[in-house]
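Tertiary structure, described
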Amino acid sequence: MTTILLALGLVCVVEGLIWALMPRLLRRMAEELPKIDDQTLRIIGVVVLAAGTGLVFLSKHLG
């Protein structure tokens, strides 16, 4: 349970940093998002999901 809370906390830290440091960029990205087709967004999501899963796997086996 503490691992899940740690992971969620880290996600919040990263998200908060992005919003605090680059709000204008995030607004521009949000405006461009509807222009990207669903298949491309799905592929990006799968790639990010795989990268995250790989990082979790590495952290469990290296630490």
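Notes on the structure in this doc start here. (Residues numbered from 1 in each chain as written. Predicted model: local features only at pLDDT ≥ 70, side-chain atom pairs only at ≥ 80, totals over all residues. Heavy atoms only, no water.)

1. Things to note about the overall build of the protein chain
Within the protein chain, the regular secondary structure consists of 3 helices and 0 strands. For the protein chain, the α and β elements follow one another from N to C terminus as α-α-α. Compactness check: the protein chain gives a C-alpha radius of gyration of 15 Å against a globular reference of 11 Å for 63 residues, more than 25% above the reference. Seen along its three principal axes, the alpha-carbon backbone of the protein chain occupies a region of about 40 × 30 × 20 Å. The 63 residues of the protein chain split such that 2% are buried. Carbon and sulfur atoms make up 74% of the accessible area of the protein chain, which totals about 5,800 Å². Between the centroid of the 6 positive side chains of the protein chain and the centroid of its 5 negative side chains there is a distance of 7 Å. (Helix = DSSP H or I, 4+ residues; strand = E, 2+ residues; numbered from the N terminus. Rg over C-alpha atoms; globule rule 2.2 N^0.38 Å. Buried < 20%, exposed > 50% of the residue type's maximum accessible area, 1.4 Å probe, protein only. Areas by Shrake-Rupley, 256 points an atom, 1.4 Å probe, with all protein chains shown as cover. Lys, Arg positive; Asp, Glu negative; His and termini not counted. Charge placed at Lys NZ, Arg CZ, Asp CG, Glu CD.)

2. Side note on the environment of Val48
Within the element layout of this structure, Val48 appears in helix α3 (residues 38-62). Between the alpha carbons of Val48 and Leu33 there is a distance of 16 Å; along the sequence they are 15 residues apart.

3. Some thoughts on the layout of surface pockets
Space inside the largest pocket adds up to approximately 230 Å³. Around the largest pocket, the lining residues are Thr3, Leu6, Ala7, Leu10, Gly52, Leu55, Val56, Ser59 and Lys60. The set of elements that each furnish at least two residues to the lining of the largest pocket consists of α1 (2-21) and α3. Broken down by element, the lining of the largest pocket gets its largest block of residues, 5 residues, from α3. (1 Å grid on protein atoms, 1.4 Å probe; cavity = no way out; pocket = protein on both sides within 12 Å on 5 of 7 lines; lining within 4 Å. Points joined across faces, edges and corners; volume = space filled by probe spheres on them.)

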